Amino acid sequence: MEGSIFQYDFIVKGLLGAVFASITAGLAGTYIVSRKMVFLSGGITHASFGGIGIGYFAGFNPVVGAAIFGILSALGVEYLSVKHKIREDSAIGILWAFGMAIGIIFIYLTPGYSPNLMSYLFGSILTVTSADIIALGIMSVVLIAYFGIFYRTILYISFDESFARTYSSYVNIFKYITTALIALTIVLNIRMAGVILVLSLLTIPPNIAMLFTKVYSSIIIWSVVAGFVGTAAGYTISYFAGIPVGATIIFTLAVIWILMKIISRLITGLAKGQEKSGINNEEQTK
Amino acid sequence: MQDVNFVVNESDFIGVIGPNGGGKTTLLKLILGLMKPSAGRITFNSDLINKNSIGYLPQNATGDINYPVNVTDVILSGLMIRKGVITRMSSADRKKTSEIIDELGLSGMEKASLNELSGGQLQRVFLGRAIIGNPKLLLLDEPGNFVDASFESNFYGKLKDLNKRMAILMVSHDLGMISSHVRSYACVNRKLHYHPSSEISNEQLLAYGCPIQLITHGTVPHTVLKQHS
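Reading the values: the criteria
- Residues numbered from 1 in each chain as written.
- Chains lettered and ligands numbered in written order.
- Predicted model: local features only at pLDDT ≥ 70, side-chain atom pairs only at ≥ 80, totals over all residues.
- Helix = DSSP H or I, 4+ residues; strand = E, 2+ residues; numbered from the N terminus.
- Buried ≥ 20, exposed ≤ 12 C-beta atoms within 10 Å, placed from the backbone.
- Contact = placed C-beta atoms within 7 Å.
- Nonpolar A, V, L, I, M, F, W, Y, C, P; charged D, E, K, R; others polar.
- Axes fitted to C-alpha atoms, helices over the stretch in contact; angles between N-to-C directions.
- Parallel < 35°, antiparallel > 145°, perpendicular 65-115°, else oblique.
- Left-handed = near helix turned anticlockwise from the far one by under 90°.
- Core = buried A, V, L, I, M, F, W, Y, C linked by C-beta atoms within 7 Å.
- pLDDT = per-residue confidence, 0-100.

**Examining the environment of B:Pro19**
Residue and element names in this part refer to chain B.
- When you line up the elements, Pro19 lands in the loop between strand 1 (13-17) and helix 1 (24-32).
- Of the residues examined, Pro19 has 17 C-beta atoms within 10 Å and is grouped as partly exposed.
- On a C-alpha basis, the gap between Pro19 and Ser172 in space is 9.8 Å, while along the polypeptide they are 153 residues apart.

**A word on the interface of chain A and chain B**
- Each partner contributes residues to the interface: chain A has 22 residues there, and chain B has 19 residues.
- Elements supplying a minimum of two residues to the side of chain A that touches chain B: helix 7 (151-159), helix 8 (161-167) and helix 10 (216-241) of chain A.
- Examining the composition of the side of chain A that touches chain B, we find that 6 residues originate from one element, helix 8 of chain A, more than from any other.
- Looking at the side of chain A that touches chain B residue by residue, the class counts come to 13 nonpolar, 5 polar and 4 charged.

**Focus on the packing of helix 2 (residues 38-58) of chain A against helix 4 (residues 88-109) of chain A**
Residues and elements named next belong to chain A.
- Look at helix 2 against helix 4: their axes get within 7 Å of each other, and the N-to-C directions meet at 20°. Between helix 2 and helix 4, the crossing angle belongs to the class labelled roughly parallel. Crossing angle aside, the handedness with which helix 2 passes helix 4 is left-handed.
- Among the residues forming the contact of helix 2 with helix 4, the class breakdown is 18 nonpolar, 8 polar and 1 charged.

**Comments concerning the nonpolar core**
- Ranked by internal contacts, the top residues of the largest apolar core, which has 130 residues, are A:Val187, A:Leu201, B:Val16 and B:Ile168.
- Sorting elements by how many residues they give to this core places helix 9 (residues 171-209) of chain A first, with 22 residues.
- Leave out the neighbours within four places in its chain, and A:Val187 touches A:Ser48, A:Val63, A:Ala66, A:Ala67 and A:Gly70.

**Examining the confidence of the model for chain B**
All names here are of chain B.
- For chain B, the mean per-residue pLDDT works out to 74, and 71% of the residues sit at or above 70.
- The element-level mean pLDDT for chain B is lowest in helix 7 (residues 202-208), coming to 48, with helix 3 (residues 91-103) highest at 88.
- Considering only residues more than four positions removed or in separate chains, one finds that residues 205-218, a stretch of pLDDT under 50, has 34 contacts.
- Two summary scores accompany this predicted model of the complex, namely pTM at 0.83 and ipTM at 0.78.

Okay, structure coming up:
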C-alpha cells in the first residue's frame with residue numbers, strides 16, 4: 001500500500017514538475033538563447049549555490065537563499081553592463097566560482113552531514129516538495145502572463161536595445177524585470193535538474209526549436225513541447241533504470257537535439273538537392 | 001560641442017559633415033534626447049513635431065541580425081515601440097507595414113530573417129523602421145556605410161522622395177554623392193557652422209578643416225573640390 005502511494009506521488013510530482021519545468025524553461029530559455037545570455041545564466045545558476053549554502057547554515061529554506069543570490073547577482077551583472085563599467089564575461093566568471101565557493105564553505109561549516117547536497121548539484125525528484133511544484137506552477141503563470149502581455153516590447157528591446165532606447169524610457173526596467181524572472185526560473189528549476197545541469201534545461205529546448213522555426217513565438221511553443229518530451233521521457237527512463245533524474249533529462253534532451261539536428265540537415269539537404277536537380281533538369285530541357 | 005545654433009525647417013534636407021570625433025553623432029543623440037545638453041536647449045515646434053515624430057536610422061545595424069525576428073517584425077517595431085509597453089498589432093499597423101515594404105522594394109521578403117538579406121536590403125529594412133511612423137524629421141547617421149552599390153543611387157533617390165514628406169538631417173562623409181539632393185549643410189567640428197544654401201565652396205570647407213571623402217558618379221551632378229592641403 002505504502003509503495004503505491006509513493007508511486008502515485010512520484011508520478012503526479014513528476015508529471016506536474018515536467019509540465020511546469022518545460023513551460024518556465026521554454027519561455028526563459030528562448031529569451032536567454034536569442035539574447036545570447038547563456039553564459040550570464042550559467043553565472044546566475046552557480047552564484048545561487050552560495051544562497052543554498054547560506055540557507056543550510058542559517059537554517060532557512062535553501063531555495064529562498066538561492067533565489068535571493070540568483071536575483072541579486074543577475075541584477076548586479078545587468079546593472080554593471082548597462083553602465084559599461086566591467087568586462088562582463090570576466091565578472092560572470094568570478095561570480096560563477098565565488099557563488100560555488102560560498103556555497104561549499106557554508107555547507108561544510110554546517111554541523112552534521114548534508115544529505116541533500118547532491119540533490120542540489122544534480123537534481124532529484126525525491127526531494128522535490130509540493131511547495132516546489134506550486135512555486136513552479138505560479139512561476140509558469142507569471143511568465144506566461146508577462147510574455148503574453150509585453151510580447152512585442154520584450155521582443156523589440158532584446159532585438160535592438162539601443163534603438164528601443166530612442167523611443168522608450170522603459171528599456172532598463174524591462175531588462176531588470178526579465179532578468180530577475182529568468183533568475184527565479186533558474187532557481188526554481190534547480191530542484192529538478194540541479195545547479196550543474198539546469199542550464200541545459202533552458203538552452204537545449206530553444207535550440208531544438210530553432211532548427212525548424214525562426215519565429216520567436218513559435219520558438220517558445222516548440223521549446224515547451226521539446227522540454228516536456230525530454231523531461232517526461234527523462235523521468236520515465238530514470239524511474240525504470242534507477243539513474244538520477246536531472247542527468248537523465250539532460251541526456252535525453254541532448255540526444256533529441258542531436259537527432260533533430262541530423263533530421264534538419266537531411267531536410268535542408270534534400271531541399272537543396274531538389275533545387276539542384278531542378279536546375280539540372282531546366283538546363284537539360286534547354 | 002559648443003556654439004551649436006541652427007534651425008531645421010519643415011522641408012529641409014541638411015547634410016551634416018565633419019571629421020570623426022567632431023560631434024556629428026553627438027548632435028543626433030542630442031536631438032533624439034539620448035543625451036542632455038550641458039548648456040542651452042533643443043526646442044521643437046510642438047504643433048509640428050514631438051519626440052515620437054522623429055525617425056532614426058542608426059549608423060550601423062545595432063540589432064543582432066541572427067535574432068529570431070523577420071523583416072515585418074523589424075519594420076513594425078518602428079511603430080510599436082512608440083505606442084507604450086502593452087502593444088498589439090492592429091490591422092492598420094499591418095497594412096502600414098506592407099505599404100512600407102512595397103515602397104522600399106522589399107516585397108517577397110516579409111518573412112525573411114535578417115541574416116538572409118544583403119547589406120542594402122538590411123539598410124532598407126532599417127529605413128523602413130525609421131519612416132513607418134510618418135516622422136516629420138528623419139535622422140540618418142552615415143547611411144552610405146552599408147548600402148550596396150546597386151542600391152546606392154536608388155537609396156538617395158528614395159531619400160529625395162521622402163524629403164517631400166519630412167525634413168531630413170543626414171550625417172555623412174559621402175559629400176560628393178549627397179550634394180545633388182542636400183539643400184543645406186552643417187559643418188560640425190566641435191562647433192557647428194550652418195550653410196543655408198546648397199552651394200559649398202572649397203574655402204568654406206577649408207575654414208573648418210572638414211576632411212571630405214569625394215565620391216562622384218558620371219550621371220549624378222556633382223561638385224569636385226580641391227584637395228585639402
